[in-house]
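# Residue-level structure breakdown
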Amino acid sequence: MQYIASGSNAARQPSDCVVVGAYTKRGLNSAAEAIDTAAGGYLSKLAKSGDLPGTRGATTLLRNLPGVRAKSVLVVGCGNKSDFCLKQIEAATEAAVRALSNTSVKSISLNLGGNAARFTDSARVASASIAAAHRAMYTFDQLKTSKARSTAKIGKIEFGFSTRAACNKAKAEFKTAHAIAEGVSLAKDLGNLPANICTPDYLAKTSKKFASAYQNVTVQVMGMKDLKRLGMGAFISVTQGADRPPRLIVMRYKGAAAKEAPVALVGKGITFDTGGISLKSPAAMDEMKYDMCGAGAVIGAFKTVAMLQPKLNLVAVVAACENMPSGNATRPGDIVTTMAGHTVEILNTDAEGRLILCDALTYTKKFKPKAIIDVATLTGACVIALGEHFSGLMSPHDGLANDLLQSGMQAGDTAWRMPVTEDYQSKLSSNFADFANVGGRPAGATTAACFLWRFMKDQNWAHLDVAGSAWKSGKQKGATGRPVGLLAHYILNQG
Ligand code: BES
Ligand code: MN
Ligand code: ZN
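Residues numbered from 1 in each chain as written. Chains lettered and ligands numbered in written order. Predicted model: local features only at pLDDT ≥ 70, side-chain atom pairs only at ≥ 80, totals over all residues. Heavy atoms only, no water.

This next bit is on the nonpolar core. The biggest cluster of nonpolar side chains holds 58 residues, and the ones touching the most others in it are Leu-203, Met-251, Phe-302, Leu-314, Leu-464 and Leu-487. In terms of nonpolar packing, the next biggest core, distinct from the first, is built from 48 residues, Phe-235, Ile-236, Val-344 and Phe-451 among them. (Core = buried A, V, L, I, M, F, W, Y, C linked by side-chain atoms within 4.5 Å. Buried < 20%, exposed > 50% of the residue type's maximum accessible area, 1.4 Å probe, protein only.)

If you want it as structure tokens, here you go:
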């Protein structure tokens with residue numbers, strides 16, 4: 001994809017299609033006004049007769065307008081002018097690119113909001129628009145024998161801004177925004193692939209490729225023998241019912257001196273979660289192929305960083321296995337010993353994410369990271385609490401929590417802070433072991449975080465529960481690639 005920022009009048013933009021905005025109550029945005037002037041009042045006539053889209057996301061394609069250089073003009077409804085903000089620029093961009101995906105258009109000029117006085121930050125407009133354009137162009141048809149016809153042909157995007165300074169600020173964002181889009185796209189592919197293809201070893205092989213594709217990257221892949229050697233009794237208790245072997249993946253990116261403490265990411269990579277002996281009910285169980293989306297996001301964010309080569313160190317650890325019932329599977333009531341030495345009573349084998357993560361988190365401490373952030377589709381309770389719009393963020397560390405919230409807003413990939421405090425720890429008490437792996441239904445997302453926190457004492461740590469944000473259900477079923485944007489922005493802010 002090629003990106004350009006230009007200050008040229010919309011009527012002179014050389015793309016196949018020029019995209020402009022219309023607000024409700026017949027208002028044209030400034031680029032639409034420029035087209036209108038060049039085309040002798042063509043758009044204002046349409047607006048008057050009510051033939052321009054005002055409602056958000058609606059589009060109208062006009063061809064061969066007099067006085068306009070581009071072959072076509074796409075008018076996108078932008079909703080009320082007074083609430084037009086970054087989120088709506090994203091929505092309008094996504095709608096525009098979707099509308100053009102089935103056409104022969106190869107290059108577009110986007111003029112949505114860049115000229116509005118309220119959006120002095122063209123960098124954010126550019127990065128949000130690039131994310132939105134990629135979202136609209138993403139297809140996952142690799143497993144269909146006849147490829148979907150809607151493969152996007154757009155290879156060039158021009159951004160129209162009114163000043164040279166705005167253009168320059170936008171240009172500086174292109175590389176970062178593109179690398180994030182690539183990371184998001186990888187995370188989506190990994191999520192959408194079914195569990196018979198995206199196995200623990202598939203995640204390992206995908207990660208391994210980074211070592212040869214990018215500079216300053218090393219990747220280590222460990223298996224069952226290593227888990228035993230490291231004493232990862234909790235991780236082993238989850239994988240032992242599965243025939244496919246587990247993988248513990250360690251990706252390292254070294255962009256700064258060795259003495260610089262790295263940022264560490266840890267991802268939950270359950271490639272399929274049946275619940276184990278505490279078997280899940282059949283409804284929507286197919287969606288448990290997405291239970292590796294934490295791992296997918298960590299791998300995606302790592303790719304973004306490897307592409308951009310910033311001056312910082314990063315460690316990414318992925319714990320990958322399947323949670324299956326079998327004659328060798330863990331039974332409710334079984335007690336195992338974690339790598340950190342605590343005994344855990346497994347009261348519910350479906351609370352497996354925290355079991356693989358606690359050992360992966362303990363292992364990650366050895367890199368002496370300045371911050372550890374784990375990402376997991378950890379609890380249904382988080383979906384009930386937040387739905388799909390926000391990832392759950394739990395951290396006892398205000399500085400780290402605020403940095404992550406901020407990065408989420410920068411990326412348009414937002415999180416909402418939820419409690420992790422000592423008040424909830426007693427829920428995890430066990431009559432037979434140091435503690436149990438479940439804490440009951442109330443505050444389920446928080447008690448899960450409290451379980452992990454027990455392994456992260458004296459460590460700057462945050463937990464992102466992406467059970468609601470990592471994929472969409474229903475008609476639009478598919479991975480979202482979240483929270484790659486949040487993670488990438490956070491990491492890049494450290495450089
Ligand atoms: N992967 C699930 C969480 C999940 C469920 C994410 C549904 C998205 C949609 C996790 O392993 C799990 O099963 N958690 C249990 C925990 C409970 C047994 C304490 C849950 O949320 O029901
Ligand atoms: Mn589970
Ligand atoms: Zn799970």
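In this section: the site of ligand 1. Near ligand 1 there are 16 residues, and of these Lys-280, Asp-291, Asp-350, Glu-352 and Gly-380 occur at the shortest range. At a separation of 2.8 Å, an oxygen atom of ligand 1 approaches a polar side-chain atom of Lys-280. Thr-377 places a polar main-chain atom, nitrogen or oxygen, 3.3 Å from a nitrogen atom of ligand 1. Isolated, ligand 1 exposes 510 Å² of accessible area, and the fraction of that covered by the protein chains is 77%. A class-by-class count of the residues in the shell around ligand 1 yields five nonpolar, four polar and seven charged. (Near = heavy atom within 4 Å. Polar contact = N/O pair within 3.5 Å; in protein donor to acceptor, adjacent residues only side chain to side chain. Areas by Shrake-Rupley, 256 points an atom, 1.4 Å probe, with all protein chains shown as cover. Nonpolar A, V, L, I, M, F, W, Y, C, P; charged D, E, K, R; others polar.)

Time to look at the coordination of the manganese ion (ligand 2). Protein-derived ligands of the manganese ion (ligand 2) are Asp-273 (OD), Asp-350 (O), Asp-350 (OD) and Glu-352 (OE), with the metal-ligand distances lying across 2.1 to 2.2 Å. Note that the manganese ion (ligand 2) binds six donor atoms; their angles at the metal cover 70 to 168 degrees, and the shape is irregular. Counting the intervening residues between successive donors of the manganese ion (ligand 2) yields the motif D-x76-D-x1-E. In this structure, the manganese ion (ligand 2) is positioned 3.1 Å from the zinc ion (ligand 3), and both are ligated by Asp-273. Of this pair, Asp-273 sits in strand β10 (residues 263–273) while Glu-352 sits in the loop between β13 (343–345) and α10 (353–364), and the two are 79 residues apart along the sequence. (Donors = N, O, S within 2.8 Å, 3.2 Å for Na, K, Ca; no water. Tetrahedral: all angles 85-135°; square planar, octahedral: opposite > 155°, others 65-115°. Helix = DSSP H or I, 4+ residues; strand = E, 2+ residues; numbered from the N terminus.)

Turning next to the pairing of strand β5 (residues 72–77). Most of β5 sits out of view: six of its six residues are buried. Residue alternation in β5 divides its side chains into two sets, Ser-72, Leu-74 and Val-76 and Val-73, Val-75 and Gly-77, and both sets are buried. Here five bridges tie strand β4 (residues 59–63) to β5, and the two strands are oriented antiparallel to one another. Residue pairing in the sheet places Leu-61 in a bridge with Leu-74 of β5. (Pairing = 2+ DSSP bridges.)

Right, let's talk about the sheet that holds strand β9 (residues 247–254) for a bit. With mixed pairing, eight strands are arranged side by side in an open sheet as β8-β9-β11-β10-β14-β18-β15-β16. A single partner strand is all that each edge strand has here, and the edge strands are β8 (217–222) and β16 (415–417). Within the sheet, the average angular offset between the axes of one strand and its neighbour, ignoring direction, is 20 degrees. The pairing of β9 with strand β11 (residues 313–323) spans eight bridges and is antiparallel. Across the sheet, residue Arg-247 finds its bridge partner in β11, namely Ala-320. (Axes fitted to C-alpha atoms, helices over the stretch in contact; angles between N-to-C directions.)

What follows concerns the packing of aromatic side chains. Using the criterion set out here, one finds 11 aromatic pairs in the structure. Ring centres of Phe-159 and Phe-161 lie 6.4 Å apart, and the angle between their planes is 15 degrees; on these two criteria the pair is classed as stacked. Considered together, Phe-159 and Phe-161 belong to a single accessibility category, that of buried residues. Aromatic side chains Phe-435 and Phe-455 sit 5.9 Å apart centroid to centroid with 75 degrees between the ring planes, which places their arrangement in the edge-to-face category. Here the residue Phe-435 occupies a position in strand β17 (residues 435–436), and Phe-455 occupies one in the loop between α13 (444–453) and β18 (461–465), the gap between them amounting to 20 residues. The residues Phe-435 and Phe-455 share a single accessibility class, namely buried. In this structure an aromatic cluster arises from ring pairing among Tyr-3, Phe-159, Phe-161 and Phe-174. The cationic tip of Arg-454 hangs over the ring face of Phe-435; the distance from NZ or CZ to the ring centre is 4.6 Å. (Phe/Tyr/Trp six-rings, centres within 6.5 Å; stacked < 30°, edge-to-face > 60°. Lys NZ or Arg CZ within 6 Å of the ring centre and 35° of its normal.)

What follows is about unusual backbone geometry. Of note, the bond from Arg-482 into Pro-483 is cis; its omega dihedral lies within 30 degrees of zero at 0 degrees. Among the secondary structure elements, Pro-483 is positioned in the loop between β20 (478–479) and α14 (484–493). The backbone phi angle of Asn-64 is positive, close to 50 degrees, even though this residue is not glycine. By secondary structure assignment, the location of Asn-64 is in the loop between β4 and β5.

What follows is about the domain arrangement of the protein. Under the domain assignment used here, the protein contains domain 1 (2–175) and domain 2 (193–493). Between domain 1 and domain 2, the contact holds six residues from the first and seven residues from the second. Where domain 1 abuts domain 2, roughly 570 Å² becomes buried across the two surfaces, and 56% of that area is made up of carbon and sulfur atoms. Area buried by domain 1 at its contact with domain 2 is led by Arg-124, Leu-143 and Lys-175, which between them contribute 53% of it. (Domains from an automatic or database assignment. Contact = heavy atoms within 4.5 Å. Buried area = accessible area lost by both parts, 1.4 Å probe.)

Right, let's talk about the sheet that holds β13 for a bit. Strand pairing in a sheet is mediated by backbone hydrogen bonds. Such pairs are either parallel or antiparallel. Pairing in this open sheet of three strands is mixed, and the strands run β12-β13-β17 from one edge to the other. Here the strands that pair on one side only, and so sit at the sheet edges, are β12 (335–337) and β17. As judged from the three bridges shared by β12 and β13, these two strands associate in the antiparallel manner. Note on β13: the bridge partner recorded for Val-336 is Val-344.

The protein atoms that coordinate the zinc ion (ligand 3) are Lys-268 (NZ), Asp-273 (OD), Asp-291 (OD) and Glu-352 (OE), at distances spanning 2.0 to 2.4 Å. Each of the six donor atoms around the zinc ion (ligand 3) contributes to a set of angles spanning 79 to 175 degrees, which defines the coordination as octahedral.

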